[in-house]
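Residue strings, one per chain:
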Amino acid sequence: MRRLIFILPLLLFTTCKKQPTQPTGLVTENAMVVTARAEASKIGSDIMEKGGNAFDAMVATELALAVAYPYAGNLGGGGFMVYRKNNGEVGGIDYREKAPLSAHKDMYLDSLGNVISKMSTVGATAVGVPGTVAGVIAVHEKFGSLPLSDLIEPVIALARKGVIVTEKQLQRITHYKESFVEVNGDSTKFAQPFSVGDTIKYPKLAQTLTQILEKGRDGFYKGEVAEKLSSFIQEKGGFVTMADLEKYEAKWRDPIVFDYKELKMISMSPPSSGGVTINQIFKMMEPHDIGSFGHNSSKSIQLFTEAARRAYADRNYFLGDPDFVDIPFDVLLDDTYLEERMADFSFEKASLSSAIGHGEVEILESSETTHYSIVDDAGNAISATTTLNGGYGSKLYSEDLGFFLNNEMDDFSAKPGVPNMFGLIGAEANSIAPEKRMLSSMTPTIVEKEGKLYMVVGTPGGSTIITAVAQTILNVYEFNQSMQEAVNSPRFHHQWLPDHINFEPEGFSKELKDELKSKGYNIDEKRNPVIGKVDAIRVLENGKLEGGADRRGDDTAVGF
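Residues numbered from 1 in each chain as written. Predicted model: local features only at pLDDT ≥ 70, side-chain atom pairs only at ≥ 80, totals over all residues. Heavy atoms only, no water.

Caption draft 1: Representation of the pattern of salt bridges. Tallying each qualifying case throughout the model produces 33 salt bridges. Between Arg253 and Asp323 there is a salt bridge; the shortest N-O distance is 3.0 Å. Taken as a pair, Arg253 in strand E7 (residues 251–253) and Asp323 in the loop between helix H12 (298–318) and helix H13 (329–332) lie far apart in primary sequence, 70 residues in all. Assessed through its relative accessible area of 11%, Arg253 is described here as buried. Each of Asp94, Lys251, Arg253, Asp321, Asp323 and Arg437 takes part in salt bridges that share partners, so that together they form one network. (Salt bridge = Lys/Arg side-chain N within 4 Å of Asp/Glu carboxyl O. Helix = DSSP H or I, 4+ residues; strand = E, 2+ residues; numbered from the N terminus. Buried < 20%, exposed > 50% of the residue type's maximum accessible area, 1.4 Å probe, protein only.)

Caption draft 2: Spatial organisation of the confidence of the model for the protein. Looking at the protein, pLDDT values average 92 and 92% of them are 70 or higher. Segment residues 1–8: pLDDT under 50, and one contact once partners within four positions in sequence are set aside and those in other chains are kept. When the criterion is pLDDT under 50, residues 420–424 qualifies, and its contacts beyond four places in sequence or with other chains add up to 22 contacts. (pLDDT = per-residue confidence, 0-100. Contact = heavy atoms within 4.5 Å.)

Caption draft 3: Geometry of the sheet that holds strand E17 (residues 501–503). What the three strands build is an open sheet, ordered E16-E17-E18; its pairing is mixed. Each end of this open sheet is capped by a strand with a single partner; those strands are strand E16 (492–493) and strand E18 (523–524). As paired strands, E16 and E17 are joined by two bridges and run antiparallel to one another. Following the sheet pairing, Phe492 is matched in E17 by Phe503. (Pairing = 2+ DSSP bridges.)

Caption draft 4: Representation of the packing of helix H5 (residues 148–161) against helix H7 (residues 203–215). One can describe the packing of H5 onto H7 by two numbers: an axis separation of 8 Å at closest approach and a directional angle of 170°. Relative to H7, H5 is oriented roughly antiparallel. When H5 is examined against H7, the residues Leu148, Ser149, Ile152, Glu153, Val155, Ile156, Ala159 and Arg160 are found in contact with a partner set consisting of Pro203, Ala206, Leu209, Thr210, Ile212 and Leu213. Across the contact of H5 with H7, the residue classes break down as 10 nonpolar, two polar and two charged. (Axes fitted to C-alpha atoms, helices over the stretch in contact; angles between N-to-C directions. Parallel < 35°, antiparallel > 145°, perpendicular 65-115°, else oblique. Nonpolar A, V, L, I, M, F, W, Y, C, P; charged D, E, K, R; others polar.)

Caption draft 5: Representation of H5 within the structure. The end-to-end C-alpha distance of H5 is 20 Å, a good match for the 20 Å that 14 residues give at a rise of 1.5 Å each. Among the residues making up H5, those that are buried are Leu148, Leu151, Ile152, Val155, Ile156, Leu158 and Ala159. Angular distribution of buried residues about the axis of H5 spans 160°; they occupy a single face of the element. Of the exposed residues in H5, the ones pointing more than 90 degrees away from its buried face are Arg160 and Lys161. At its buried positions, H5 is contacted by helix H2 (38–49), helix H3 (54–68), helix H4 (132–143), strand E5 (163–164) and H7. (Expected span 1.5 Å × (residues − 1). Arc of directions from axis to C-beta.)

Caption draft 6: Highlighting the nonpolar core. The biggest cluster of nonpolar side chains holds 84 residues, and the ones touching the most others in it are Leu75, Met81, Leu209 and Ile382. No other element matches the 12 residues that H3 contributes to this core. Leave out the neighbours within four places in its chain, and Leu75 touches Leu63, Ala66, Pro130, Thr132, Val133, Leu205, Thr208, Leu209, Ile212, Phe220 and Phe403. (Core = buried A, V, L, I, M, F, W, Y, C linked by side-chain atoms within 4.5 Å.)

Caption draft 7: Molecular detail of the environment of Lys85. Tracing the backbone through its elements, the reader meets Lys85 in the loop between strand E3 (78–84) and strand E4 (90–95). Residues Lys85 and Asn542, 457 residues apart in the sequence, show an inter-C-alpha distance of 19 Å. Here Lys85 is in contact with Phe55, Phe143, Gly379 and Asn380, once residues within four sequence places are set aside.

Caption draft 8: Broad picture of the UniProt feature "binding site: L-glutamate" (unreviewed entry) in the protein. Using the residue numbers shown here, the UniProt feature "binding site: L-glutamate" (unreviewed entry) corresponds to Arg96, Thr387, Leu388, Asn389, Asp411, Ser440, Ser441 and Gly462. Residue placement: Thr387 occurs in strand E11 (residues 381–387). Sequence-distant contacts of Thr387, defined by excluding residues within four places in its chain, comprise Ala72, Asn74, Gly77, Gly78, Arg96, Glu97, Glu368, Thr369, Glu408 and Met442. Looking at the element boundaries, Gly462 is found in the loop between strand E15 (452–457) and helix H15 (465–477). In this structure Gly462 comes out as buried when scored by relative accessible area, which is 2%. (UniProt positions renumbered as here; feature names shortened; annotations may be inferred.)

Caption draft 9: Highlighting the UniProt feature "active site" (unreviewed entry) in the protein. When the UniProt feature table is mapped onto this chain, "active site" (unreviewed entry) is found at Thr369. Topologically, Thr369 is positioned in strand E10 (residues 369–375). Residue Thr369 is classed as buried on the basis of its relative accessible area of 6%. In terms of polar contacts, Thr369 uses its side chain to reach the side chain of Thr387, at 3.1 Å. (Polar contact = N/O pair within 3.5 Å; in protein donor to acceptor, adjacent residues only side chain to side chain.)

Caption draft 10: Expanded view of the sheet that holds strand E8 (residues 256–260). Across the sheet, which stays open at both edges, the seven strands sit in the order E1-E20-E19-E15-E14-E9-E8 with antiparallel pairing between neighbours. Taken across any chain shown, the strands that pair with only one partner, and hence form the sheet edges, are strand E1 (27–28) and E8. Of the pairings in the sheet, the one linking E8 to strand E9 (residues 263–267) comprises five bridges and is antiparallel in character. In the sheet register, Phe258 faces E9, and the bridge partner there is Met265.

Caption draft 11: Fine view of the environment of Asp198. Looking at the element boundaries, Asp198 is found in the loop between helix H6 (167–184) and strand E6 (199–200). Linking Asp198 and Ile164, residues 34 residues apart in sequence, is a C-alpha distance of 5.5 Å. If we ignore the near neighbours within four places in the chain, the residues touching Asp198 are Val163, Ile164, Val165 and Pro193.

This is the structure we're talking about:
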């Protein structure tokens, strides 16, 4: 009897421990959109409330972010989206930017073979062929249920009405003001003084969106808009032509799908490196019970860091545009190979990055991207990450068309083995070629549990995207956090080289960091005060939806 009295509370404790945590973020009955700005989230949610599906909402949300969040939302950039329909069917679309037809391997090198400073990062020479409009139109044609006009008219109305400047937006505009003037002149729209509470209207962007509404894809890639865009880029010294725009096509791609314990992960395939790298990280950790180590404990940080160290080493060497390079998926994702990669891991001491992988290859991508997650009332799910690359892209703003242009050419290896402006060094797999798509870390991800939709997750953050997405999933599944808690939790990052762990400044004790240092880990808290801005959705056991909107930005969940 005494033993029974002892065992019963233990069983009760164990049972309670396994119960899913209560939600702390916004909970809705039917559908939800989580984005970097409330205005975009509301437009997407309204579309679904009026009878549209998640794919309709994606079109409206993507275009609304070009108005509400020009820092990264765009018509002049590109991205990736993965989807899961309510019948379990999965897929992905690649609307990543491409190199122009005139591009070549040495286009950013001088006569001595040295990389020309800023040529791939600032102004028209940095611009790749935009893919966003082709991406949303392709999604609408394949899966949309409402007329295109129903999706774009609210976005046009937002552009005309304008968007209120928040404190965080003002900080961004102020930070880049000198660059805006340098690239566009002092009469450019974003050179004027703004204050919190001001309204920025986009009448020219409304006109561009009207062309897309009336003519679909051809409203951007042919005709008046294409002529104005290509002429503007070339007049400023860039390479994108009418022929480049007319030839651009978004590509449907099979996502990377893999299991982690009782979860099924659906993530983006190359030229996004996210799916392959997150697959490797999770499979290398899987033999260990990370949930028992404790959230952000020394052991859990060690295990994650060592898996990430090895996965990023492979990412940097092997991955690129699959239409141009052969990627050894069968090796990189093989269980035996991944077991061998972790064979020398020990909790006693840190591995050395110099002893792992294929030489000194560093990736440090710009972090100014944006992500949004959508679930509709039928259970269809969208995870999309889109970018201009740098904050406000190349800083080149078309006054006539109302949007910024990307600086995505900088995501190529300007010269294998030599760092570009952002410190990105790549291997031959990511060298420049005409019509090639540059490698990315964007990691839009959907998670199933026991065959049902469980989470929709993604984030901006450059090379930190992959680790931020993985940690958010672990926070919910292994550490029993709510979706909002998982998004809010402090994050850390390791990317093979440079060989140190980045910690967000708050949330990690000195004792924890001292313990890691004693095992040989290098700690750097200065480089990434913010690691990602995750926007995510969790499906609760009762079928309701919990949003996780990152406190690090103006991110907002909206639903009904």
